[in-house]
Amino acid sequence: MIQAPPFDKELGMWYYVTATCPSGGVIKASPEDFVVEEVLADGTVVAVGGVSLQPRVGNWTWIHVVKRNVDNLKLVIRLSKALGLSPRDVSIGGIKDTRAVTSQIISVRGDAANLPKIPNVEFLGLWPMDRPITPSMIYGNRFTVVIRSVEKMECAEEALKMIHAVAPPNYYGYQRFGTIRPVSHLLGKALLRKDAEAFLDVMFCRIFPHESDSAKKARKLACRGEYQKALEAFPKKFIEERAVLRRLASGVDLWNAVMSIPVQILRIYVEAAQSYVFNVFLSRRMELGPLEKPVEGDLVELNGQVVYYVEGLGGEVVLPVVGPGARMPRGKVGEALLRVLKEEGLEMGSFLKMPRGLRAYGGYRKARLEARDFRWRVAGKDVELRFTLPRGSYATVLLRELVKPTEPHRHGF
């Protein structure tokens, strides 16, 4: 176990489990270098080349969708509008990477015979079904990833061998927080504290070097309180910023301006704050001992149940994703979590004391990221990997153990 660079520490990822030198290299040099194929709970792989499913009589349609560089949420909105449905009548089993080729099931209520033509989206199959696709129906995802232009192949190979022996910590990955502008968790913490001034300070006054010039200019205007000028300066793709500025320019108070952001996006911020707290707590737990060996006070998953660890009992270490729906660990482990919450100015109940639609009840997450069917090969200066991860685990958390980036965005993260 070695220290991670400052960027990772800011996201709660304090450590690497592989004590190897950085291999360097670039992921996602093209979408085809990052292929994500959904794996259903029964083991069926929704492969890029096609999948066979057993239809059932019902008023839902399951659609096999393969997309390239397309955002999941935007696709759901586009489909719902094209089919004349509410967004609630279009469902997915899990959000996939945008900068990738992804293959998954999307379900819609009713008939889906007149599917729209959408750039970089293919509809490969349709099946009538008696229910929508839900996260509980998904085991996880199969990844086929190519790391290009590896600088130190010996470092990559050593890390790959270590990953086989010692599973990495199951951190929430860079995508949860951002790499060009890593602030989602900071916005979430401001929401949980109901601190509108802090929220707006993060949104407009924190400016990062690799943002576009137009975004930097607009943020500076907003930070100075020139809301109308900032609204005119922000490109239309900045949905959240423009929503807030529109209300601020009309004289609405700060909190109600923040609440004008679509609830789906506000919820992403709250969940990012949860993820950050989890990451920091996981880092603290690593300081107490190896993740594969439960210690007194740990929670473990045993036969599908989460229980307190008892010596000789066994089980896989799980950590709470903070919220009132998750129990606290005991002993030194519980003390570590309380310390994290105190340092962040939060408490377990903070996640429940939110407006409807933003309440987060918490749950449990395995401490270790264990990849199934892990294979890799070297081709010149490139490394190709194939592995399967459970739903909710991040491929980039495994890949960071090889690349060890100090500036993740420069390596495609």
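Residues numbered from 1 in each chain as written. Predicted model: local features only at pLDDT ≥ 70, side-chain atom pairs only at ≥ 80, totals over all residues. Heavy atoms only, no water.

Engineer: What is the right way to look at the pattern of salt bridges in this model?
Structural biologist: Pairs may arise between side chains of opposite charge once their charged atoms sit close together. Summed over the entire model, instances satisfying the criterion amount to 25 salt bridges. A salt bridge links R267 to E271; the shortest N-O distance between them is 3.1 Å. Of this pair, R267 and E271 are both found in helix 10 (residues 263–287), 4 residues apart, which corresponds to roughly one turn of the helix. R267 sits in the partly exposed class, given a relative accessible area of 28%. With relative accessibility at 23%, the residue E271 sits in the partly exposed group. Across the pair R285 and D298 runs a salt bridge, and its minimum N-O distance is 2.9 Å. Of the two residues, R285 is situated in helix 10 and D298 in the loop between helix 10 and strand 9 (299–302); the sequence distance between them amounts to 13 residues. Each member of the pair, R285 as well as D298, carries the same accessibility label: buried. Within this structure, R181, E211, R219 and E241 form a network of salt bridges that share partners. (Salt bridge = Lys/Arg side-chain N within 4 Å of Asp/Glu carboxyl O. Helix = DSSP H or I, 4+ residues; strand = E, 2+ residues; numbered from the N terminus. Buried < 20%, exposed > 50% of the residue type's maximum accessible area, 1.4 Å probe, protein only.)

Engineer: Looking at this structure, I do not really get the state of the cysteines. What am I missing?
Structural biologist: Disulfide: a covalent bond connecting the sulfur atoms of a pair of cysteines. On inspection of all chains with the given rule, the structure shows 2 disulfides. At a sulfur-sulfur separation of 1.8 Å, the disulfide partner of C21 is C155. The disulfide joining C21 to C155 has a torsion of about -95 degrees about its S-S bond and is therefore left-handed. Of this pair, C21 sits in the loop between strand 2 (15–16) and strand 3 (34–40) while C155 is found in helix 3 (residues 153–165), placing the two residues 134 residues apart along the sequence. (Disulfide = S-S within 2.5 Å.)

Engineer: Teacher, can you tell me more about the side chain of D8 here?
Structural biologist: Mapped onto the elements of the fold, D8 is located in helix 1 (residues 6–10). Owing to a relative accessible area of 0%, D8 belongs among the buried residues under this scheme. Among the polar contacts made by the side chain of D8, one reaches the side chain of Y174 at a distance of 2.9 Å. Of the polar contacts made by the side chain of D8, one reaches the side chain of R400; its length is 2.9 Å. Sequence-distant contacts of D8, that is, excluding residues within four places in its chain, are made with M13, Y16, Y174, R400, P405 and P408. (Polar contact = N/O pair within 3.5 Å; in protein donor to acceptor, adjacent residues only side chain to side chain. Contact = heavy atoms within 4.5 Å.)

Engineer: What exactly am I supposed to notice about the nonpolar core here?
Structural biologist: Buried together is how nonpolar side chains tend to be arranged in soluble globular proteins. Ranked by internal contacts, the top residues of the largest apolar core, which has 90 residues, are F199, F204, Y269, L385, F387, L398 and L399. Formed by 14 residues, the second largest nonpolar core is a distinct cluster that contains V90, A112, I118 and V121. (Core = buried A, V, L, I, M, F, W, Y, C linked by side-chain atoms within 4.5 Å.)

Engineer: Explain the sheet that holds strand 11 (residues 316–321) here, please?
Structural biologist: Two modes of strand pairing occur in sheets, parallel and antiparallel, and in both the strands are linked by backbone hydrogen bonds. Taken together, the 4 strands give an open sheet; going across it, the order is 10-9-11-12, and neighbouring strands pair in antiparallel fashion. At either end of the open sheet lies a strand with only one pairing partner, and these are strand 10 (305–308) and strand 12 (363–366). Adjacent strand axes in the sheet meet at a mean angle of 45 degrees when their direction is disregarded. Where helix 10 meets the sheet, its contacts fall on strand 11 and strand 12, and the angle it forms with strand 11 comes to roughly 140 degrees. (Pairing = 2+ DSSP bridges. Axes fitted to C-alpha atoms, helices over the stretch in contact; angles between N-to-C directions.)

Engineer: Help me out: how do you make sense of the pairing of strand 6 (residues 101–109) in this one?
Structural biologist: Along a regular strand, successive side chains alternate from one face of the sheet to the other. With 8 of 9 residues buried, strand 6 lies mostly within the body of the structure. In this sheet, strand 6 lies alongside strand 3 in parallel orientation, the contact comprising 3 bridges. What sits directly across from V35, in strand 6, is V101. As defined by bridge partners, strand 4 (residues 60–68) adjoins strand 6 across 9 bridges and the pair is classed as antiparallel. Opposite W60, over in strand 6, you have R109 as the bridge partner. Bridge analysis of strand 5 (residues 90–92) against strand 6 gives 3 bridges, and the strand direction is antiparallel. The residue bridging I92 from the neighbouring strand is I106, located in strand 6.

Engineer: Looking at this structure, I do not really get the packing of helix 5 (residues 196–205) against helix 8 (residues 239–249). What am I missing?
Structural biologist: Each packed pair of helices is defined by two parameters, the angle between the axes and the distance between the axes. With their axes 11 Å apart at the nearest point, helix 5 and helix 8 run at an angle of 120 degrees to one another. The angle between helix 5 and helix 8 places the two elements in the oblique class. Where helix 5 crosses over helix 8, the two elements pack in a sense that is left-handed. Where helix 5 approaches helix 8, its residues L200, M203 and F204 are matched on the opposing element by E240, E241, V244, L245 and L248. Taken together, the residues of the contact of helix 5 with helix 8 sort by class into 6 nonpolar, no polar and 2 charged. (Parallel < 35°, antiparallel > 145°, perpendicular 65-115°, else oblique. Left-handed = near helix turned anticlockwise from the far one by under 90°. Nonpolar A, V, L, I, M, F, W, Y, C, P; charged D, E, K, R; others polar.)

Engineer: Explain a nonpolar patch on the surface here, please?
Structural biologist: Residues L73, I95 and I268 make up a contiguous nonpolar surface patch of roughly 260 Å² in combined accessible area. Here I95 shows up in the loop between strand 5 and strand 6. Owing to a relative accessible area of 60%, I95 belongs among the exposed residues under this scheme. (Patch = residues over 30% accessible without salt bridge, like charges linked within 9 Å, V, L, I, M, F, W, Y side chains within 5 Å. Areas by Shrake-Rupley, 256 points an atom, 1.4 Å probe, with all protein chains shown as cover.)

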